[in-house]
Structures are given as C-alpha cells and as structure tokens.
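# Reading the structure
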Amino acid sequence: MSDSELKVPAIHFYPAGCFFKSIDDIKGKRVTVMGLGLNGGGEASVRFFLNHGAYVLATDMKTEADLKTTIDSLNNDESLDKSRLSYRLGEHRIEDFENADCVIKNPGVKYDGNKFLAQAKAIETDISLFLSFSKSPIIAVTGSKGKSSTVSAIYYGLRQSGFNAFLGGNITVSPLTFLDQTDETTPVVLELSSWQLADLRGRRLLKPKVSIITKIIPDHQNFYHSMLAYVNDKKLIYADQTKKDFAIFDFDSDPAADGGTLIENWGDIFAKECKATVLRYSKKQLPEGVLGVWQDKKGVGKARLSTAILDTLPQDYEKTTETVLKDLIVPGKHMRSNVLNAALVLRIMGVSPDRIIEVLGRWNGIEHRLEFFHECKIAGTIYRFYNDSAATVPEAAAEATQAFGKPVYFLTGGTDKGLDLSPVANGICDNGKNIVPRAVYLLEGSATDKMISDFKAEAISYKGPFASIEEMLNVLKADLEKAESSKESQIVVFSPGATSFGMFKNEFDRGNQFKVKVKKIFC
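Given the structure is predicted, the values throughout are model-derived calculations rather than measurements.

Our focus in this paragraph is helix α15 (residues 446–457). Here α15 is 12 residues long and its end C-alpha atoms lie 18 Å apart, about the 16 Å a rise of 1.5 Å per residue gives. Along α15, the residues classified as buried are A447, T448, M451, I452 and F455. All buried residues of α15 lie within an arc of 140 degrees about the axis, which places them on one face of the element. Relative to its buried face, α15 has exposed residues pointing more than 90 degrees away, namely D449, K456 and A457. The inward-facing, buried residues of α15 contact β17 (409–412), α14 (422–428), β18 (439–443) and β19 (463–466).

Below, the structure written as structure tokens:
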C-alpha cells in the first residue's frame, strides 16, 4: 500500500504548550479531574493540584464503593487540604466541565464525541503537565508488545549504573508523583500508550532524547476501529524529535503487523518519517551500514554504532560492533528482544558494554510479565507457576507458550477487544514447529469464545471454559495429581491473550487474583 493510499480518520489537535504557564499559575484555579480511577493516575493528579493550591473536583462514572481504595487514600492523608476537594461519583455533570478552568483527562476516554470534554475550556493530562514542568531527559517507549518490560529493564539498568532515574507513565505510576525530584541530571523513562500519545498531539511537549517503538501488531481495535489510526497515534512519540535525538525501530517484517493495511514492516515507515538519528533492532544480524542491535545465532546481543556516536561516549572503543547482552534470568526470545533494546539505550547513555552485560544479566523481570511467583511439588513432580496476566494480545500469549523451550500447562482466555485471536491457535497447534502445550485451560469470556472456534478448527484439545480462576485451578490441580511423576520440573503459565474487563478490574487485578488463588490451592 502506498503512502498516498493510507487513510487516517479525523484527529484532534490540542493547543501548543500547556494551559498552566508555571506551577505557580495553578494556585486558585478550578480543576476537574476526569477519572479518579484505581490505578493511581487520577489520585496523583488530585494530590498534585491540591498541593499547589487548586480547587479540585474529582469525577468518575464509578461509584464511591467502587473507588473506596483511592478515596480512602486521599481522605486519610492529613497533609492534604480536603476543604478544596469535592467528588462527583457515579456520574458526570456538564457544569463540572463548563465551570472548570482546566480539565485533567483520563487517557482511556475518547475526545471525539464526548459531550463533557467538548465543554472544557482547557484539557491537560498528567503526562502533558509533567513534560511542561520537568527538565529531565526523557526516554519514551511505546508499541503493542513489550513496552512495560522494556521500560522496566531500562530503568533498572540506569539505576544500577549510577543514574538517579525515574520510571512512570502507562506502567501505573504517574510522573507527577516524582516531578519535584527531577532536573536536567535525572533521566525519566516513560511508558506511553497510544491513548496517552494522542493526548499530546499538537502540544509539542514530547521531545525525548531516546524514543523506542516496540513490536507493532493490531491492538485496541475496539477503540480505534482502524489499524492506521492506532499507528498514527504511535508515531507521535518521535514527531518532535531532532537529529540530536535517537529513535529505535523494529527492522524485521512480520505478517502479524498487517492489520488489514498490507504493511508488514512499520519500522521502515517510521524510519523514513523520523528526523532523529535512527537505530534498528532485529532478531538476526543487521545489514552492513544499518546501526542498532541484533541477536546472533546463540542469542548474544550485538550493538553497532557509528564512530560519531561512540566518540561522544566516555569509554574508548576498538570496534564499532560490540557485545552488549549475554545471559538473562527472564525466559523467552521476545523478552530478550526487549532487554536488548534496553541495552542499546544504556549504551547511548554512556554505560560500558561490560557493565551492561553484568547489570541486565541480573534483571529479574517485572510483575505480571512471565513472572515466576510459586513452586510446589505434586505427586513427586515440581511445578513452577508463572503469571503473564499483562499479556493482553494473542501474539503475547502464543509467545508465552514457547518461552520456556518445553511444553507447558497453558491457562488462557478473557474478554475480546476487537482482535483476531487466531495467533493463539496458530502458535500452539501441532504443525511440526510449535512446542505444543501439555494441556490448555480456558477462562471464559468473549475472546475465549473466538479462541474455541479456532481451537476446534486446528483440533486443539482444551478444558473449560471456566467461570472463575478458582474453578480453573481446581480442575488443573486434580489433573496434576493424576499425572505421571517427572524428574524434570514442569511449567504452568497464565497468559490470557485478552483483556480483563468484566471479571476483573484490570490485568493487574487479574494477575494478583491468580497469584493469590494459586498459593491457596497449591500450598
């Protein structure tokens, strides 16, 4: 498909800059926080504005009972002046948006067609506020898969290498919580969703020192209804970068990236458009002249940088190609790709190759991403349990089944978000290439219904769907108690490949419930 054929739906541009000209400008303003929520972003905004003298109204469609944890956290904090705080819960009212000097928008709320946001005099987000007031060098990461693992590995590597770094954004930590601790010397790593990026369009506030777009595949199509609109928001991460900045893009083509666009390599499109110094990442050696990182046949990470880049770093170098990654604790080829991108960022930031290998070799991964959390012995066999609840796209679930190099007990399923679920069946069917799971257990949901159809077409056996995690685990335990004893440890991995809506508050709640119930049932 040619560039002239790429049709993108109408998009909203915000005014350049920030409504608040300085932090002092906040005092006395009336601010409506739209979406108090349970993940910390709304609460952080309320705290920020109260601490800087604003009158805050927090409004949410959820009820007071639904938001009890967040409300209690605010109301029990004696350091906050609650006389300037009010709530509107279980509903939104037009007057709360009309009368506000500024509305702080939840990134999950669409601007288009929203009658409440249409009445706002000004709209900001916690990300736009942070970018307006912080002088920190920004390392920004977006993509469809691997964002959280990548930012966490970068953050860990920077901290272990002596940087006073901070981590925030879509990883459920609002950067407003650490704004007052940042300056020109404190790198800030931001995970940015497509929604958070869309809320920055036109503002010209995001100018990262380093941007990364991880693997792009169809996602959130229930929200966008267009792969092009989804990718168009992703592109905002590099829109205002300059040649002195770095942008890191995928080099490998992938049919899964298509999404109806006939485009299998988004990285090439990004690289043509971007004004920053472009680096690429690949699972195989990059061609001569292409700068970036790749994995050799043994999985060892290699980095190739230009002499112009290397000359700016504190270490002497003998070759422009260096080894930057070796052994890792975390499993999976896709995880190795994420950590290799982190290694490239650390090298750009001046960390030596030997130090990068040492530091990232100690990284344990993060919660809800192939997270090892429990081990038990049943009938003489050791079973190791992994929580991969943050896998909300089918490709991630399929990869989780292959990450351990041997058959696993695969627990999957959830709520549909408008995606093609066939990658799950394609990734576990007996086609002579896949590592076929020992058994498959399904948690009920609208995505699960689509999986079942695919499983039947591929003659994949499964158990369920089950109405709860507890019911699924009880059946699993009964099966394991009847299984033949093995001297080799076995793997149980929960990787839903779908969203959590309906049965859980979010993917983190889903993962936490899974861990609690596993430890109870498999004590």
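It is worth spelling out the sheet that holds strand β16 (residues 381–387) at this point. Adjacent strands of a sheet pair through backbone hydrogen bonds, lying either parallel or antiparallel. The strand order across the open sheet formed by 6 strands is β15-β16-β20-β17-β18-β19, and the pairing between neighbours is mixed. Each of the sheet's edge strands pairs with one partner strand only, and the pair in question is β15 (371–378) and β19. Mean inter-strand twist for the sheet, computed between neighbouring axes without regard to direction, equals 15 degrees. Sheet topology places β16 next to strand β20 (residues 490–494); 5 bridges connect them, and they run parallel. In the sheet register, N387 faces β20, and the bridge partner there is F494. Contacting β15, β16, β17, β18, β19 and β20, helix α16 (residues 469–482) crosses the sheet at an angle of about 160 degrees to β18.

This brings us to the side chain of K515. Its place among the elements puts K515 in helix α17 (residues 507–521). When its relative accessible area of 9% is taken as the criterion, K515 is described as buried. Excluding residues within four positions of it along the chain, K515 makes contact with E367, H368, E371, F373 and N387.

Should pLDDT be low for a region, the predicted coordinates there are not to be read in detail. Counting all residues, the mean pLDDT for the chain is 93, and 96% of those residues have values of 70 or more. Confidence drops under pLDDT 50 across residues 1–9; counting only partners more than four residues distant or on other chains, this segment forms 11 contacts.

Another point: the nonpolar core. Looking at soluble globular proteins, one finds that nonpolar side chains tend to be buried together. Counting residues in hydrophobic clusters, the biggest one holds 56 residues, and the most contacted among them are F20, V46, F49, L131, L206 and W266. Ranked by residue count, the leading element in this core is helix α4 (residues 126–133), at 5 residues. Dropping the residues within four chain positions of it, L131 is found in contact with I138, L190, L200, L205 and L206. Membership of the second largest hydrophobic core comes to 41 residues, among which are V141, M335, V345 and L360.

Rules used throughout
Along each chain, residue indices are assigned from 1 in the same order as the chain's sequence is written. For a predicted model such as this one, the threshold for reporting local features is a pLDDT of at least 70, and the threshold for listing and counting side-chain atom pairs is 80 or more; totals across whole chains, interfaces and linings nevertheless cover every residue. Just so you know, side-chain values use all the structure's heavy atoms and leave hydrogens and water out. Comment: elements are numbered from the N terminus, with helices defined as DSSP H or I runs of at least four residues and strands as E runs of at least two. For a helix, the expected span equals 1.5 Å multiplied by the residue count minus one. Think of it in three bands: residues with accessible area under 20% of the maximum for their type are buried, residues over 50% are exposed, and the middle band is partly exposed, with areas taken using a 1.4 Å probe on protein chains only. Arc definition: it is the arc formed by the directions from the helix axis to the C-beta atoms. The contact criterion used is simple: two residues touch if any of their non-hydrogen atoms lie within 4.5 Å. Any two strands with at least two DSSP bridges between them are considered paired. Orientation is described by lines fitted to C-alpha atoms, with helices fitted over the stretch in contact, and by angles between N-to-C directions that extend from 0 to 180 degrees. As a per-residue measure, pLDDT reflects the predictor's confidence and takes values from 0 up to 100. Take the buried residues of types Ala, Val, Leu, Ile, Met, Phe, Trp, Tyr and Cys, join any two whose side-chain atoms come within 4.5 Å, and each joined set is a nonpolar core.

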